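# Secondary and tertiary structure notes
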Amino acid sequence: MSRSTRPVTFARPSISLAAALTPLLALLLVSNTLEAQVPTPLEHFGFEMGTDRELADWESLLSYYDRLAAASPRIQIDTLGMTTRDRHFVMLTVSAPGNLERKEELREINQTLADPRRIRDDAHRDELLREGKAVVLITNHIHSFEVGSGQMPPSLLYRLATSDDPEVLEILENVVLLSVPSLNPDGTQYVADWWNEWKDTEFQSAPLPWLYHWYVGHDNNRDWYAIRQVETELTVRHAHNAWRPHIVQDHHQLWADNLRIWVPPYQDPWEPNIDPSLIGAVNQLGSYVAAELLAEGKTGVGTYSIFDAFTPARAYQHHHGGARILVEVARADWAAPVQLAPEDLSARRGADPHTSSWNHPAPWPGGEWGIGDIVEYMESASMAVLRHAARNREYWVRNFHGIQERAVERWDRWPAAWVIPPEQTDPVRMTDMIRILRVGDVEVHEATAPFTAQGRSWPAGSYVIPMDQPFASFAQALLERQEYPDLRQYPGGPPQVPYDVTAHTLPLLMGVEVTAIEEAFDAQLSEVIPVPDRIEYPLPAELTGPAAPRVGVFKGWGESQPSGWTRWVLDQHQLDYDTLMQVDMRDGSFRERVDVVLFQSRGAGSIVSGISPNQIAEPYAGGIGEEGLDHLRAFVEGGGRVVAVESAADLFIDLFDIEVGRSGQGESSQSFYVPGSILRLELEAHPFVAGLEEESIAWFQGGGGGGGSRAFTVDDPRVEVLARYGSGDPLLSGWLMGPEFVAEGAAMLRVVIGEGELILFGFQPDYRGQSSATWPLLLRAMGGDSGS
């Protein structure tokens, strides 16, 4: 695993002298030599980090990290694995040389503190608390267009590698820092290449025309409980699970026209399975970071707005004993500065950049803002976290252990166990869900004999998840149904918009039966089962063999994230599909290559017009145009099939003058609002969906405005309803305002057009690669019998 195993040579004090010195003085004696040996960012890159209009790419960054580890005894580098596009995914470990020499011992101390069942007695615990170090994980550049996040680590790491400043020496002695300098190295390379190609041209500000993560784009930041992508799993396994960090600081960028930097405390709500002492730890550390930034004279520092802590989608560590400190710094124009007057700034989601308040005491006066400011603010925020961790080492270690003690004692609100019976509608989906739990270090056992619990007999082979275990919080959050609070901006007013979505119930999303067992029971259980291999989903019969239809997926420049997720799902099924671009639609060549075209959720205007030629150069500009629409019309009328999801369905409803509306269209968010929830779905008795589960779920994210999910209203004899949302209140998990606009509404349609047909989804059948319960509907839409 190690990338750098070369011996490090530098002038050391004699062994006898070093042994007699305090650790801090020993560090001080070698620091001047280190500064002479370790290459500066300027020497390596030819510019300082944060220089206007300069971006280092991943290859040059990786080379620098290798050089740091080779030259400094304070830094080690490891390759955790390879990215989706086969680049090195690395983590640097930073601490005092003496700590790195006993790195495995320190890691094992923290692993023991994470599982109080391993502690022999009070004396053993006290020894571990005394010897343990504060473990801090700092992650950067998951969102590749947030370029400052990827440029800051060389500056911070050089400081830690060479400085003899007392606060740095204190950090090195008391903290083990894990640095993942890019959570998406592929994207780090993409954006640097793009910027360096187009800077100083009329298209300098052009958006990257493809997803900056090969499959999921911005949603790589929403993958931290389902753990679908390679980069997520590498970080979870080799940073989070291997080290159990007490603090995770995650660097991002937000709108250019709002705050200069945002840090916690988070707004309500918090996910209810997060330990209260961890909430307190996040609040105090975030407030400390804000106070330190203000003491340095920085302005535009805000807290307690914009972001809540409900979803575990980017808060893995909140369910594993550690505090997540999100950092959001204002963007510029990629690496070019922007000039903003006070009147250019805008209030958003509770954060008003103009107003001085308790959570934003020093507004930024406006002026020039560039990548140098971004790097400086981020580095200051990281140094503040490291200072706090170093000076409060005992607090962080002890608080972490206390959280874990309460977990193994089992919270009162948790059941005694969860049981997953072995007989499932789809055992592959069950194994996939169990894999997610096991990658998240949830202990899952197999019953070796039948047992009785909660008045029911359970067969041998049932999977049992006892809830008196270290990471029961993660299991409970993913297995129970969410009841999101009805939060309003003011009494009777519009809803307070969640940071992300409001449901994350894996058994519903994946169609797996689970039962919470409230009372203790006796069962013969195996040891904790191993983590299952990555799942290969089988293709249904209609998409295999020589008679299977040829499938094309519209990707296009400016691809939507749902499209990328669907490519990932199809790749997990090993479906051979054609990727279609705008030019394929405009010249009609797709008509000879495919029988089915899938359009994932994307606005009709975006599909037709694409990215404006005023924004981006050829060949990235433009959409399918009128020519593409003509070819699609002829394709369907001549026997082809189009599958369109959510907002993409509008394009074909208009193209073929179908009398289909949208329930609740135009209603305000006070009346109709569904910010990412799981609804009940019922299939109609229709031949096209015969053989599929009659009751399922629908991922619904929308309301009365444009785009998103919808319940169709039908007034056209050509339209056949394949599925409807449940009656009454169809909510299964999350938050639904205005159930009357969804209940019994049409959710999936079939429309015969000439010799061909349309299959239209009102909901998202592939929510972030998680909703495997509705993948069969998506696959049936592509491969089902047109003669049905």
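This text goes with the structure placed above it.
Everything numeric in this text was worked out from a predicted model, so none of it was measured.

What follows deals with the overall build of the chain. When helices and strands are counted, the chain shows 25 helices and 30 strands. Relative to a compact globule of 788 residues, whose C-alpha radius of gyration would be 28 Å, the chain shows 27 Å and is just as compact. Each principal axis of the C-alpha atoms in the chain carries an extent, and together these give about 90 × 70 × 55 Å. Residues classed as buried in the chain amount to 63% of the 788 residues present. In the chain, of all internal contacts separated by at least 6 residues, the share reaching a separation of at least 24 is 80%. Counting only carbon and sulfur atoms, one obtains 48% of the accessible surface of the chain, whose full area is about 27,800 Å². Across the chain, 61 positive and 109 negative side-chain charges occur, with their mean positions spaced 4 Å apart.

With 102 residues, the main nonpolar core has Tyr 65, Val 136, Leu 160, Ile 261, Trp 369 and Leu 386 as its most contacted residues. Once you skip the residues sitting within four places of it in the chain, Leu 386 turns out to touch Val 136, Ile 138, Leu 160, Ile 171, Val 175 and Leu 177. Grouped together as the second largest cluster of nonpolar side chains are 76 residues, Met 91, Ala 239, Met 430 and Val 501 included.

With respect to the helices and strands, His 573 occurs in the loop between helix H19 (561-572) and strand E20 (577-580). Look past the residues within four positions of His 573 in its chain and what remains in contact with it is Tyr 537, Pro 538, Leu 539, Trp 775 and Leu 779.

This part takes up the pattern of salt bridges. Counted by the stated rule, this structure contains 52 salt bridges. When the shortest N-O distance is used, the salt bridge between Glu 379 and Arg 159 registers 3.1 Å. Separated by 220 residues along the polypeptide, Glu 379 in helix H14 (residues 371-391) and Arg 159 in helix H9 (residues 153-162) bring together distant segments of the chain. Of the charged contacts, one joins Asp 650 and Arg 710 as a salt bridge, the two residues approaching to 2.8 Å between their closest N and O atoms. Separated by 60 residues along the polypeptide, Asp 650 in helix H24 (residues 647-655) and Arg 710 in the loop between strand E25 (695-703) and strand E26 (712-714) bring together distant segments of the chain.

Before going further, it helps to examine the packing of helix H16 (residues 427-439) against helix H17 (residues 472-479). One can describe the packing of H16 onto H17 by two numbers: an axis separation of 10 Å at closest approach and a directional angle of 145°. Considering the relative orientation of H16 and H17, their crossing is right-handed. Note on element contacts: H17 touches H16 through Phe 474, Ala 475, Leu 478 and Leu 479, opposite Met 433, Ile 436 and Leu 437. A per-class count over the contact of H16 with H17 returns seven nonpolar, no polar and no charged.

So, about the sheet that holds strand E18 (residues 515-517). Judged by pairing direction, the sheet is antiparallel, and its four strands sit side by side in the order E14-E17-E13-E18 without closing on themselves. Of all the strands in the sheet, the pair left with one neighbour each is strand E14 (445-446) and E18. The pairing of strand E13 (residues 417-420) with E18 spans three bridges and is classified as antiparallel. In the strand pairing of E18, Trp 418 is matched with Ala 516.

A separate point is empty space enclosed by the protein. Considering all chains together, one arrives at six cavities of 30 Å³ or more under this definition. As for the largest cavity, its lining consists of Ala 226, Ile 227, Arg 228, Asp 432, Arg 435, Ile 436, Arg 534, Ile 535, Tyr 537, Trp 568 and Gln 572. Every element with two or more residues in the lining of the largest cavity is listed here: H16 and H19. Taken together, the residues of the lining of the largest cavity break down into six nonpolar, one polar and four charged. Size it by volume and the second largest cavity reaches roughly 80 Å³. Lining the second largest cavity are 14 residues, and of these Asn 273, Asp 275, Ile 403, Ala 407 and Ser 473 sit closest to its centre. Sort the elements by how many residues they give to the lining of the second largest cavity and helix H15 (residues 393-409) lands first, with three residues. When its residues are assigned to classes, the lining of the second largest cavity shows six nonpolar, seven polar and one charged.

This part covers a negative patch on the surface. Side chains of Asp 654, Asp 657, Glu 659 and Asp 715 sit close together on the surface and give a patch of like negative charge. The residue Asp 654 is located in helix H24 in this model.

It is worth spelling out helix H12 (residues 230-243) at this point. Taking 1.5 Å of rise per residue, the 14 residues of H12 would be expected to cover 20 Å, and the 19 Å separating its terminal C-alpha atoms lies within 8% of that figure. Along H12, the sharpest kink reaches roughly 35°, centred on Val 236. Most of H12 sits inside the fold, with eleven of its 14 residues counted as buried. Positive phi appears at Arg 244, one or two residues downstream of H12, with a value of about 55°.

What follows concerns the pairing of strand E2 (residues 88-94). Of all seven residues making up E2, six are buried, and the element is well covered by its neighbours. Note that strand E1 (residues 75-82) and E2 share seven bridges and pair antiparallel. Residue Gly 81 lies in a different strand from E2, and its bridge partner there is Phe 89. Connecting E1 to the next strand, E2, in antiparallel fashion are five residues, including Asp 86 with a positive phi near 70°. Where E2 and strand E4 (residues 175-180) come together, three bridges link them in antiparallel fashion. Paired with Thr 93 across the two strands is Leu 178, which belongs to E4.

A word on the pairing of strand E27 (residues 719-725). Looking along a regular strand, one sees the side chains alternate between the two faces of the sheet. For E27, a buried count of five out of seven residues is recorded, marking the element as mostly surrounded by other parts of the structure. Taken together, the three bridges between strand E24 (residues 673-683) and E27 define a ladder with antiparallel strand orientation. Among the inter-strand pairings, Leu 683 is bridged to a residue of E27, identified as Ala 723. Sheet topology note: the E27/strand E29 (residues 746-753) ladder contains five bridges and is antiparallel. Following the sheet pairing, Glu 720 is matched in E29 by Arg 750.

So, about the packing of aromatic side chains. Tallying each qualifying case throughout the model produces 39 aromatic pairs. Relative to Tyr 64, the ring of Phe 45 has its centre 5.3 Å away and its plane inclined at 50°; by these criteria the two rings are tilted. Of this pair, Phe 45 sits in helix H3 (residues 41-45) while Tyr 64 sits in helix H4 (residues 58-71), and the two are 19 residues apart along the sequence. Given a relative accessible area of 13%, Phe 45 falls into the buried group. Every member of this aromatic cluster is reached through a ring pair, and the members are Tyr 190, Trp 194, Trp 198, Phe 203, Trp 210, Trp 557 and Tyr 620. Between Arg 85 and the ring centre of Trp 214, over which it is positioned, the NZ or CZ distance is 3.7 Å. The ring of Tyr 377 carries the charged tip of Lys 298 above its face, separated from the ring centre by 5.5 Å.

Take the sheet that holds strand E6 (residues 261-262) next. One open sheet accounts for eight strands, arranged E1-E2-E4-E3-E5-E10-E6-E8; its pairing is mixed. Single-partner strands in this sheet number two, and they are E1 and strand E8 (301-302). On the sheet, H12 packs against E1, E2, strand E3 (134-139), E4 and strand E5 (247-254) and is oriented at approximately 20° with respect to E2. Across the sheet, helix H13 (residues 276-295) lies against E5, E6, E8 and strand E10 (323-330), angled at about 35° from E10, the strand it touches most.

We now examine the packing of H9 against H14. Packing of H9 against H14 brings their axes to within 10 Å, and their N-to-C directions diverge by 40°. The pairing of H9 with H14 is recorded here as oblique in orientation. Once H9 is placed against H14, the crossing between them reads as right-handed. Of the residues in H14, those touching H9 at Ser 155, Leu 156, Arg 159 and Leu 160 are Glu 379, Ser 382, Met 383 and Leu 386. For the contact of H9 with H14, a count of residues per class yields four nonpolar, two polar and two charged.

Criteria and cut-off values
Think of each chain on its own: its residues are numbered from 1, step by step along the sequence as written. Per-residue local features of the predicted model are confined to residues with pLDDT of at least 70, and side-chain atom pairs are confined, for both listing and counting, to 80 or more; whole-chain, interface and lining totals are unaffected and use all residues. In computing side-chain values, all of the structure's heavy atoms are included and hydrogens and water are not. Each helix is a run of H or I in the DSSP string that is no shorter than four residues. Each strand is a run of E no shorter than two, and both are numbered from the N terminus. Note on method: radius of gyration uses C-alpha positions; expected globular size equals 2.2 Å times residues raised to 0.38. Three labels apply to residues, based on accessible area from a 1.4 Å probe with only protein chains included: buried if under 20% of the type maximum, exposed if over 50%, partly exposed otherwise in between. By definition in these notes, contact holds between two residues if any of their heavy atoms fall within 4.5 Å. Surface accessibility follows the Shrake-Rupley procedure with a 1.4 Å probe radius. Residue values consider only the protein chains on display as shielding. Under the convention used here, Asp and Glu are negative, Lys and Arg are positive, and both His and the chain ends fall outside the count. Where a charge lies is defined by one atom per residue type, namely NZ (Lys), CZ (Arg), CG (Asp) and CD (Glu). What makes a nonpolar core is a set of buried Ala, Val, Leu, Ile, Met, Phe, Trp, Tyr and Cys residues whose side-chain atoms join them at distances within 4.5 Å. What makes a salt bridge here is a side-chain nitrogen of Lys or Arg within 4 Å of a carboxyl oxygen of Asp or Glu, nothing more. A fitted line through C-alpha atoms serves as each axis, taken over the contacting stretch for helices, and the angle formed by two N-to-C directions is quoted from 0 to 180°. Put simply, a crossing is left-handed when the front helix is turned counterclockwise from the back one by less than a right angle, and right-handed when it is turned clockwise. Charged means Asp, Glu, Lys or Arg here, nonpolar means Ala, Val, Leu, Ile, Met, Phe, Trp, Tyr, Cys or Pro, and polar covers whatever is left, Gly included. Strand pairing is assigned whenever DSSP identifies at least 2 bridges connecting the two strands. Both site types are read off a 1 Å grid over the protein atoms alone. A 1.4 Å probe that fits but cannot get out defines a cavity, while an open set with protein on both sides within 12 Å along at least five of seven lines defines a pocket; lining residues have an atom within 4 Å of a point. Grid points are joined across faces, edges and corners, and a volume is the space filled by probe spheres set on the points. To count toward a patch, a residue needs a relative accessible area above 30% and no salt bridge. Like charges then connect within 9 Å, nonpolar side chains (Val, Leu, Ile, Met, Phe, Trp, Tyr) within 5 Å. By this rule, a helix spans an expected 1.5 Å times one less than how many residues it contains. One axis fitted to the seven residues ending at a residue, another fitted to the seven starting there: the angle between these axes is the bend at that residue. Each pair of aromatic rings taken from Phe, Tyr and Trp, with Trp reduced to its six-membered ring, is defined by centres within 6.5 Å and is described as stacked if the planes are under 30 degrees apart, edge-to-face if over 60, and tilted in the remaining cases. Only when the NZ atom of a Lys or the CZ atom of an Arg is both within 6 Å of the ring centre and within 35 degrees of the ring normal do we say a charge sits over the ring. In these notes the angle categories are as follows: under 35 degrees is roughly parallel, over 145 is roughly antiparallel, 65 to 115 is roughly perpendicular, and the rest is oblique.

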